[in-house]
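So you can see what is in the structure, the chains are spelled out below.
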Amino acid sequence: MKADPLSKAHYSIAAVSKLSGVSCHTLRVWERRYGFPVPERLESGHRRYPAQQVDLICQVARRCQCGGSIAQHIAEARAGHPPPPPIDQTPPVTSQRTSELIDTLQRADARTAEVIYEHLTTGLAPAEIANAILTPALTEAGERLFRNDCSIVEERLATMFLLRKLAALVDDAQRANSSPLGRVIVFVMQGDRHEGGALMLSLALELAGWRSLFLGADLPIREVQRGIDRWKPVAVGVSLSLSRNIRKRFDELESLHGAPIFVGGRSLLNYQGLARQCGFGVVRGPAIPNVGRYLEELVGRGRQNNHCRVCIAPETTGHPLDDTQAEEFSEWHTNDAMKPDSQTDLTS
Ligand code: B12
């Protein structure tokens, strides 16, 4: 009988982490605590996950977005219960329309694209448009390029449209936020051209009552320092999408002075241990829905010590902090930054 190709164990822990959005550290903790997932082991001891396990891990990750106990989510996923639809997940019809929007943009049919966009967003609040339409659309446009399903110019045309729409939401929110609580510099580090996360951060800040001074992507650190010296922001928010040279990036951020720094973004998924080693306090996500709260705390600490740095774990998105998370967050203190952690080994 032919072996079932799906049962072939071939996903490394790093690959599973990328696919599921669950950090390598958390995967190991689940395995130790709950006996799930169950990877096979190579002779070297490295874990390899069969596709069915990867599927279950993705299901558990989706269930976790709705709150509740991890043990229960694992038991339900293993028993084959259908996962509840995650609250911030785009419904299938919308995701079909999002794909249609990108197809249209890639055909350079701007007029139809506007009609579809209008249709998709009518009646939605700005945060919903950003979360449920623009974030998945940006992701799909980028993923199509990575899959070689479109050319660079087609990806650009779609991405630029989506980023313009996101920027327009930031503009609207800024106009409505007439007496901001304080100014926050938002930027993306030199070498990193991913702008979507920083725009999302700007939008979240404006909606939470802070003024975002959005400086865009690919910015040298010395220029950021000039901005701090000139505008005296209450904090500096950084979006990290690329993990390449991440230690160097943390070191560069460490050199900034004059305002507390907070970093977030996709590349932190597996580097919270390194962030701690580099002097950052690490708090759990979800990042964007809690950004106002994090910032209040950070600005309070910054008044006593403006060398304060915090890294916000991106692992779960979409929901406000539950009580335990809120408690953990309020207990977070600068000494945490010194705790060593070895989460950065992506191989086993
Ligand atoms: C679109 C995209 C691009 C576009 C970027 C267009 C642009 N102008 O922004 C293009 C095609 C140019 C691109 C290029 C590359 N990309 Co790219 N890209 C993506 C993609 C598909 C989506 C990113 C995005 O816009 N998401 C939407 C935004 C809104 O979401 P987000 O950034 O995750 O932010 C959310 C949270 O993280 C949070 N957040 C973000 N920042 C912050 C900050 C704070 C303080 C807080 C609180 C929260 C927060 O807010 C957002 C909402 O929840 C991702 C894959 C993915 N699935 O995410 C890869 C991805 C980021 N890219 C990747 C790579 C490797 C590259 C390239 C190196 C590819 C190549 N070989 O050329 C180049 C690098 C170019 C460069 N120098 O930067 C990798 C990065 C892997 C890593 N960790 O290092 C990813 C993860 C793809 C992958 N799975 O491997 N990319």
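Computed from a predicted structure; not experimentally measured.

**Some details on the pattern of salt bridges**
Okay, step 1: According to the stated counting rule, one finds 12 salt bridges in the structure shown.
Okay, step 2: Residue Asp149 pairs with Arg147 through a salt bridge whose shortest N-O separation is 2.9 Å.
Okay, step 3: Two residues, Glu223 and Arg222, come together in a salt bridge whose shortest N-O distance is 3.4 Å.
Okay, step 4: Overall, Glu223 belongs to the partly exposed group, its relative accessible area being 28%.
Okay, step 5: Here Arg222 falls in the exposed class, since its relative accessible area comes to 54%.
Okay, step 6: A network of salt bridges, in which partner residues are shared, links Glu31, Arg41 and Arg47.

**What to know about the site of the ligand**
Okay, step 1: Inspection of the region around the ligand gives 33 residues, with Arg193, His194, Glu195, Ser239 and Ser243 positioned closest.
Okay, step 2: Residue Ser239 places a side-chain N or O atom 2.7 Å away from a nitrogen atom belonging to the ligand.
Okay, step 3: Contacts to the ligand include Ser241, whose backbone N or O atom sits 3.4 Å from a nitrogen atom.
Okay, step 4: Listing elements by their share of the shell around the ligand, those giving two or more residues are α7 (126-146), α8 (152-176), α9 (196-207), β5 (235-239) and β6 (261-264).
Okay, step 5: With seven residues, α7 is the largest single contributor of residues to the shell around the ligand.
Okay, step 6: Broken down by class, the residue content of the shell around the ligand amounts to 13 nonpolar, 13 polar and seven charged.

**Section: the coordination of the cobalt atom of the ligand**
Okay, step 1: A lone protein donor contacts the cobalt atom of the ligand, and this donor is His194 (NE2), found at 2.2 Å.
Okay, step 2: Position of His194 among the secondary structure elements: in the loop between β3 (183-187) and α9.

**Here's the deal with the packing of aromatic side chains**
Here a ring pair, both rings aromatic, is described through the centre-centre distance and the interplanar angle of the planes.
Okay, step 1: Enumeration according to the criterion identifies two aromatic pairs in this entry.
Okay, step 2: Relative to Phe280, the ring of Phe250 lies with its centre 5.0 Å away and its plane at 55 degrees, an arrangement referred to as tilted. With Phe250 in helix α11 (residues 246-254) and Phe280 in the loop between α12 (272-277) and β7 (281-283), this pair connects stretches of sequence that are 30 residues apart. Of the two residues, Phe250 and Phe280, both sit in the buried class.

**Topic: the sheet that holds β3**
Okay, step 1: A sheet is described by the order of its strands in space; here six strands give the open sequence β4-β3-β5-β6-β8-β7, paired in parallel fashion. Lying at the two open borders of the sheet, with one neighbouring strand each, are β4 (211-214) and β7. Between one strand axis and the next, the sheet turns through 25 degrees on average, direction left out of account.
Okay, step 2: The pairing of β7 with strand β8 (residues 309-312) spans three bridges and is classified as parallel. Note that in β8 the partner of Gly281 across the bridge is Val310.

**Description of the nonpolar core**
Okay, step 1: Judged by nonpolar contacts, the single largest core of 26 residues is most densely connected at Phe187, Val236, Val238, Phe250, Leu253 and Val263.
Okay, step 2: Grouped together as the second largest cluster of nonpolar side chains are 25 residues, Ile129, Leu134, Leu138 and Leu163 included.

**Brief notes about the environment of Arg222**
Okay, step 1: Looking at the secondary structure, you find Arg222 in helix α10 (residues 221-231).
Okay, step 2: When the C-alpha atoms of Arg222 and Ser255 are compared, they prove to be 9.3 Å apart, with 33 residues separating the residues in sequence.
Okay, step 3: A distance of 3.4 Å separates polar atoms of two side chains, one belonging to Arg222 and the other to Glu223.

**Here's the deal with the packing of helix α1 (residues 13-20) against helix α2 (residues 24-34)**
Okay, step 1: The contact between α1 and α2 brings their axes to 9 Å, and the two run at 105 degrees. In terms of their interaxial angle, α1 and α2 are classed as roughly perpendicular. Judged by residue contacts, Ile13, Ala14, Val16 and Ser17 of α1 engage Cys24, Leu27 and Arg28 from α2.
Okay, step 2: For the contact of α1 with α2, the class distribution of residues is five nonpolar, one polar and one charged.

**A look at the confidence of the model for the protein**
Okay, step 1: Looking at the protein, pLDDT values average 81 and 82% of them are 70 or higher.
Okay, step 2: Below a pLDDT of 50 lies the segment residues 1-7, which in the model reaches six contacts outside its immediate sequence neighbourhood of four places, other chains included.
Okay, step 3: Here residues 86-90 is a poorly scored stretch, pLDDT under 50, and it has 12 contacts once near neighbours within four places are set aside; other chains count.

The rules we used
- Position labels on residues start from 1 in each chain and follow its written sequence.
- Restriction of local features to residues with pLDDT of at least 70 applies here, the model being predicted, together with a cutoff of 80 or more for giving and counting side-chain atom pairs; totals for whole chains, interfaces and linings are based on all residues.
- The basis for every side-chain value is the complete set of non-hydrogen atoms in the structure, without hydrogens or water.
- A side-chain nitrogen of Lys or Arg and a carboxyl oxygen of Asp or Glu constitute a salt bridge if their distance falls within 4 Å.
- Three labels apply to residues, based on accessible area from a 1.4 Å probe with only protein chains included: buried if under 20% of the type maximum, exposed if over 50%, partly exposed otherwise in between.
- Note on terminology: near, applied to a residue and a molecule or strand, indicates that one of the residue's heavy atoms is within 4 Å of it.
- Any pair of nitrogen or oxygen atoms within 3.5 Å is treated as a polar contact; in protein, a donor-acceptor pairing is required on top of that, and neighbouring residues in sequence qualify only through side-chain atoms on both sides.
- The helix count covers DSSP runs of H or I at least four residues long, the strand count covers runs of E at least two residues long, and both are numbered beginning at the N terminus.
- Gly is put with the polar residues, along with every residue not named as nonpolar or charged; the nonpolar set is Ala, Val, Leu, Ile, Met, Phe, Trp, Tyr, Cys and Pro, and the charged set is Asp, Glu, Lys and Arg.
- Each metal site is built from N, O and S donor atoms within 2.8 Å (3.2 Å for Na, K and Ca), and since water is not included, such sites may look incomplete.
- Stacked, edge-to-face and tilted are the three classes for Phe, Tyr and Trp ring pairs, Trp counted by its six-membered ring, which pair at centre distances within 6.5 Å; planes under 30 degrees apart are stacked, over 60 edge-to-face, the rest tilted.
- Pairing between two strands is assigned when DSSP locates at least 2 bridges connecting them.
- Between the N-to-C directions of two axes lies an angle of 0 to 180 degrees, each axis being a line fitted to C-alpha atoms and, for a helix, fitted only over the stretch in contact.
- Think of a nonpolar core as a cluster: buried Ala, Val, Leu, Ile, Met, Phe, Trp, Tyr and Cys residues, connected wherever their side-chain atoms sit within 4.5 Å.
- With respect to orientation, any angle under 35 degrees is reported as roughly parallel, any angle over 145 as roughly antiparallel, any angle of 65 to 115 as roughly perpendicular, and every other angle as oblique.
- Any pair of residues with heavy atoms lying within 4.5 Å of one another is described as a contacting pair.
- pLDDT is defined as a per-residue confidence score from the predictor, taking values between 0 and 100.

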